[in-house]
Amino acid sequence: MTKRPLAAVALAAALAVGAAACGGTTKNSSSGDDTKGAAAGGATANPNAPLKKGLKLAFLPKQVNNPYETIVDNAGIEGAKEFGGTAKEVGPSDASASSQISYINTLIQQRMDSILIAANDPNAVCGPLKQARSRKIKVVAYDSDASKDCRDVFINQASSEEIGRSEIKLMSELIGGKGKIAILSATANATNQNTWIGFMKDELKKPEYSGIQLVKVAYGDDDDQKSFQQTQGLLQAYPDLKGIIAPTTVGIAAAARYIDGSKYKGKVAVSGLGTPNQMRKFVKDGTVAKFELWDPKNLGYLASYAAAALASGQITGAEGEKFKAGKLGERTIGKDGEVILGPPTVFDKNNIDNYNF
Amino acid sequence: MAPEAPAKVPAVRPRVEGPGPLHRFVRWDVIVTALLIVVFLGGAFGTSDFATSDNLSFALDDLSEIALIALPMTLLVVAAEVDLSVASVLGLCSALFGALWDAGWAIEMIVPFLLVVGVVAGLINGLLVTRLGLPSLAVTIGTMTLYRGLAYVVLGTKAVAEFPQNYADLATKTVPGTPIPYPFALFILLAVVTAIVLHATGLGRALFAIGAQEEAAFFAGIRVKRIKLLLFVVSGIVAAFAGAVYTLRYGSARADNGLGLELAVIASVLLGGVDFDGGKGTLGGVVAGVLLIGLLRNLLMLRDVATEIQSIVTGLLLIVSVLTPRIAALVRQTRRHHRGTTPAASS
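Keep in mind that what you see is a predicted model, and the values were worked out from it rather than measured.

Draft legend 1. The overall build of chain A, seen in detail. Each helix and strand counted, chain A has eleven helices and 14 strands in total. Residues counted as buried form 50% of the 357 residues belonging to chain A. Relative to all contacts within chain A whose residues are 6 or more apart in sequence, the contacts with residues 24 or more apart total 73%.

Draft legend 2. Region of the structure containing the overall build of chain B. For chain B, the helix and strand inventory stands at 14 helices and two strands. The burial tally for chain B puts 51% of its 347 residues in the buried class. For chain B, contacts bridging at least 24 residues in sequence account for 81% of all contacts bridging at least 6.

Draft legend 3. Structural context of the UniProt feature "transmembrane region" (unreviewed entry) in chain B. Taken from the UniProt record, the annotation "transmembrane region" (unreviewed entry) applies to residues 25-46, 66-82, 113-134, 184-208, 229-247, 259-276, 283-300 and 312-331 of chain B. Helix makes up 100% of residues 283-300 of chain B and strand makes up 0%, while its end C-alpha atoms are separated by 26 Å.

Draft legend 4. Representation of the sheet that holds strand β1 (residues 56-60) of chain A. Residue and element names in this part refer to chain A. Pairing in this open sheet of six strands is parallel, and the strands run β2-β1-β3-β4-β5-β13 from one edge to the other. At either end of the open sheet lies a strand with only one pairing partner, and these are β2 (86-89) and β13 (338-340). Here the strands of the sheet are splayed against their neighbours by 20° on average, with no regard to which way each runs. Each of β1 and β3 (114-117) is contacted by helix α4 (residues 97-109), which is oriented at about 175° to β1, the strand it contacts most.

Draft legend 5. Summary view of the environment of V153 of chain A. All names here are of chain A. Secondary-structure assignment places V153 in strand β5 (residues 153-156). Take V153: there are 29 C-beta atoms within 10 Å of it, and that puts it in the buried class. For the pair V153 and A318, spaced 165 residues apart in sequence, the C-alpha to C-alpha distance is 8.5 Å. The residues contacting V153, other than those within four sequence positions of it, are V140, A306, L310, G317, I333, G337 and V339.

Draft legend 6. Summary view of the nonpolar core. In this structure, I115, L116, V125, V140, I155 and A306 of chain A are the most contacted members of the largest nonpolar core, which totals 207 residues. No other element matches the 18 residues that helix α11 (residues 224-250) of chain B contributes to this core. For this core, the domains that each give at least three residues are domain 1 (56-157 + 296-341) and domain 2 (160-293) of chain A. Residues in contact with I115 of chain A, not counting those within four places in the same chain, are A58, L60, I104, L107, A132, I137 and V139 of chain A.

Draft legend 7. Here's a closer look at the domain arrangement of chain A. Residues and elements named next belong to chain A. The domain architecture assigned to chain A consists of domain 1 (56-157 + 296-341) and domain 2 (160-293). Listed by partner, the interface residues are eleven residues for domain 1 and eleven residues for domain 2. Classifying every residue of the side of domain 1 that touches domain 2 by side-chain character gives five nonpolar, three polar and three charged.

Draft legend 8. How the structure looks around unusual backbone geometry. In this structure, D143 of chain A is a non-glycine residue whose phi angle is positive, near 70°. One non-glycine residue, E162 of chain B, lies in positive phi territory at about 65°. Along the chain, the position of E162 of chain B falls in the loop between β1 (160-161) and α7 (165-172). On the basis of neighbour count, E162 of chain B is assigned to the partly exposed category, with 18 C-beta atoms found within 10 Å.

Draft legend 9. Quick peek at the pairing of β3 of chain A. All names here are of chain A. Judged by which residues are buried, β3 turns out to be covered on both faces: S114 and L116 on one side and I115 and I117 on the other are all buried. As paired strands, β1 and β3 are joined by four bridges and run parallel to one another. Note on β3: the bridge partner recorded for F59 is L116. Relative to strand β4 (residues 138-142), β3 runs parallel, the two sharing four bridges. Bridge pairing links I117 to A141 in β4. For the crossover from β3 across helix α5 (residues 126-134) to β4, the handedness is right-handed.

Draft legend 10. The interface of chain A and chain B, seen in detail. Chain A puts 42 residues into the contact, and the matching count from chain B is 42 residues. Elements supplying a minimum of two residues to the side of chain A that touches chain B: α1 (5-20), α2 (27-30), α4 and α5 of chain A. Residue classes in the side of chain A that touches chain B are distributed as 19 nonpolar, 19 polar and four charged.

Draft legend 11. Region of interest: the packing of helix α1 (residues 28-46) of chain B against helix α13 (residues 283-302) of chain B. Residues and elements named next belong to chain B. Running from N to C, α1 and α13 point in directions that differ by 30°, and their axes come no closer than 9 Å. As far as their axial angle goes, α13 and α1 are roughly parallel. Here α1 and α13 pass one another in a crossing that is left-handed. Where α1 approaches α13, its residues W28, D29, V32, T33, L35, L36, V39, F40 and G43 are matched on the opposing element by G284, G285, A288, G289, L291, L292, L295, L296 and L299. Split by residue class, the contact of α1 with α13 holds twelve nonpolar, five polar and one charged.

Draft legend 12. Structural detail: the sheet that holds strand β6 (residues 179-185) of chain A. Residue and element names in this part refer to chain A. Judged by pairing direction, the sheet is parallel, and its four strands sit side by side in the order β7-β6-β8-β9 without closing on themselves. The strands lining the two open edges of the sheet, one partner per strand, are β7 (212-219) and β9 (269-272). With strand direction ignored, the average angle separating the axes of adjacent strands in the sheet is 25°. Pairing of β6 with β7, which is carried by seven bridges, proceeds in the parallel orientation. In the strand pairing of β7, S185 is matched with Y219. Helix-sheet contacts for helix α8 (residues 224-237) involve β6, β7 and β8 (241-246), and the interaxial angle to β7 is about 145°.

Draft legend 13. Seen up close, the UniProt feature "domain: Periplasmic binding protein" (unreviewed entry) in chain A. Feature annotation in UniProt assigns "domain: Periplasmic binding protein" (unreviewed entry) to the following positions: residues 58-314 of chain A. With 46% helix and 19% strand, residues 58-314 of chain A has its two end C-alpha atoms placed 19 Å apart.

Draft legend 14. A look at the environment of I252 of chain A. All names here are of chain A. Within the fold, I252 resides in helix α9 (residues 249-260). Judged by the 30 C-beta atoms lying within 10 Å of it, I252 is buried. For the pair I252 and N189, spaced 63 residues apart in sequence, the C-alpha separation works out to 18 Å.

Draft legend 15. Representation of the environment of G220 of chain A. Residues and elements named next belong to chain A. Relative to the helices and strands, G220 resides in the loop between β7 and α8. With 24 C-beta atoms packed within 10 Å, G220 lands in the buried category. Residues G220 and L299, spaced 79 residues apart in sequence, show a C-alpha to C-alpha distance of 24 Å. Residue contacts for G220: discarding those within four places in its chain leaves L184, A186, K226, S227, Q230, V250, G251 and A254.

Quick notes on the rules
- Residues numbered from 1 in each chain as written.
- Chains lettered and ligands numbered in written order.
- Predicted model: local features only at pLDDT ≥ 70, side-chain atom pairs only at ≥ 80, totals over all residues.
- Helix = DSSP H or I, 4+ residues; strand = E, 2+ residues; numbered from the N terminus.
- Buried ≥ 20, exposed ≤ 12 C-beta atoms within 10 Å, placed from the backbone.
- Contact = placed C-beta atoms within 7 Å.
- UniProt positions renumbered as here; feature names shortened; annotations may be inferred.
- Pairing = 2+ DSSP bridges.
- Axes fitted to C-alpha atoms, helices over the stretch in contact; angles between N-to-C directions.
- Core = buried A, V, L, I, M, F, W, Y, C linked by C-beta atoms within 7 Å.
- Domains from an automatic or database assignment.
- Nonpolar A, V, L, I, M, F, W, Y, C, P; charged D, E, K, R; others polar.
- Right-handed = clockwise from strand over helix to strand, strands pointing away.
- Parallel < 35°, antiparallel > 145°, perpendicular 65-115°, else oblique.
- Left-handed = near helix turned anticlockwise from the far one by under 90°.

So this is what it looks like as structure tokens:
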């Protein structure tokens with residue numbers, strides 16, 4: 001063995017740096033490259049084409065065993081039966097981008113007609129999704145978008161702007177328009193949460209919310225225990241906190257559970273996005289007064305129909321195209337291939353018992 | 001982890017771990033290789049989409065980072081050490097990659113810089129272990145958290161994307177005419193080098209000696225500390241390089257990249273039959289272990305087996321791999337006791 005292995009390693013590294021110092025591929029030099037991939041170029045929509053029978057759809061949620069995603073996907077799987085297709089749900093047990101990649105690759109091998117994905121990272125899933133599209137697999141993003149050029153359409157649960165702004169309005173009502181608030185989000189890179197938070201911050205700039213101060217955005221990574229601890233941490237750091245907005249179903253339940261069992265019960269308002277079944281207890285015992293959500297069943301259902309319409313050639317994902325989504329009626333594709341589900345529903349103790357999901 | 005205290009060693013009851021005739025009983029690496037072949041053939045005949053070159057290249061590409069890092073990890077574990085900070089070094093380097101790319105650095109500059117970061121990260125681990133005599137398990141749990149923290153300092157919670165296509169291709173495309181992606185081809189090359197080092201050089205023999213009995217190795221003139229330091233540095237470099245591969249492969253630089261990857265690496269190494277107490281193992285076993293975990297996972301996914309079941313299968317396999325040699329050793333010992341009270345080792 002060498003006498004001075006470390007010195008050798010250091011020298012080699014130094015040489016490598018030196019050798020590389022001259023020129024190379026930088027962000028600016030490569031920004032021109034065109035990676036549009038398999039865009040829908042050439043394909044034309046035939047709005048009168050019948051939905052094909054026997055379509056194979058696969059739902060790839062952010063993670064399996066997330067109660068919310070399960071509801072969405074199951075509704076989509078049910079919806080597929082209406083038009084004679086089969087659908088399944090597969091996915092990783094952790095909400096990380098890299099684990100979704102292997103599933104996309106597997107679904108390509110299984111020659112699905114369409115992959116429906118709630119992207120954990122809009123860019124990381126892009127490469128494999130482009131591969132899928134180049135093999136005539138239609139890609140529908142739902143719940144959390146992938147980069148625009150990597151999917152055919154995105155089913156937006158509600159306009160992001162509407163959700164973000166209404167969250168602030170709701171919280172302002174709950175705390176009387178004054179005090180410190182915090183946001184408990186999912187992962188730091190979650191596309192939809194970050195968009196909503198962007199609109200929340202924008203809404204807070206309006207003069208009517210001048211009494212409200214957003215002190216921190218915490219990340220519970222859509223993990224129950226971590227979200228619980230983050231809530232605890234928020235209240236330790238800001239004992240005079242008035243409210244927590246958790247725009248994620250895992251986060252809001254964990255936050256409510258912590259507040260429920262702490263001395264802050266009744267003093268700190270919890271709101272955000274949650275499911276009625278998960279939040280019923282906290283609404284009834286007064287920990288949570290109001291929260292919002294769209295109907296996740298309709299989201300999965302609409303995604304299923306969009307996938308079928310794409311795979312049957314009724315639509316290509318271009319703005320202005322229309323398709324029929326079963327019991328939801330006709331939908332139109334908007335800008336950037338987005339299809340909007342509708343406005344969110346506010347749940348409180350008066351109406352929560354009307355919902356079971 | 002720690003070498004046996006010398007006080008225990010004296011002639012009263014010599015350990016019977018030596019390469020006796022019964023040693024061959026426990027060739028776990030052979031069993032793993034056999035299992036790998038069974039899984040592959042089972043997949044090839046039972047699942048039509050499995051043995052296609054497309055699918056295999058996906059499956060191998062998925063293993064890139066785990067496979068690469070498993071090589072230095074094998075050397076470490078053979079020498080009765082471990083490096084739990086590898087995934088955090090990967091994450092730190094991925095974050096640095098993104099930040100530097102955003103700042104306008106050239107990729108040809110960034111990658112060598114990352115390797116230097118890997119050297120520094122490995123040096124910190126190695127110096128803490130060898131100079132201060134701290135157990136590597138504790139040290140690298142600490143640096144695992146530290147390096148991951150630094151990754152968040154570097155890139156915060158944002159993600160950097162849009163890397164040049166030619167480099168992304170290098171991380172995902174296959175060597176022309178084969179189903180082997182470039183990173184995996186590199187792994188094969190490095191695996192051969194590592195196998196030669198471990199099984200055919202003095203350094204390799206020294207690693208086994210250190211792992212089996214550190215004190216004895218030291219008194220036999222092996223420069224234990226220097227070798228261990230080198231191992232940690234190599235582990236850092238490889239993890240740093242894996243960070244670059246990971247970033248380009250997913251086209252997304254993030255501070256949380258590779259979270260938890262160290263466990264997958266160690267699982268592969270243990271599954272490959274390397275003894276966590278050091279002194280035993282083969283590189284062939286580890287390569288088989290890496291492939292077995294990867295292909296099994298791919299196969300289960302193709303067959304739509306639920307994620308939970310996948311984890312259970314991998315977990316059970318791992319427990320069996322750790323248990324089997326122990327049970328075999330136990331059986332050996334009882335037999336020896338039955339045979340007579342001669343305490344001496346055979347031969």
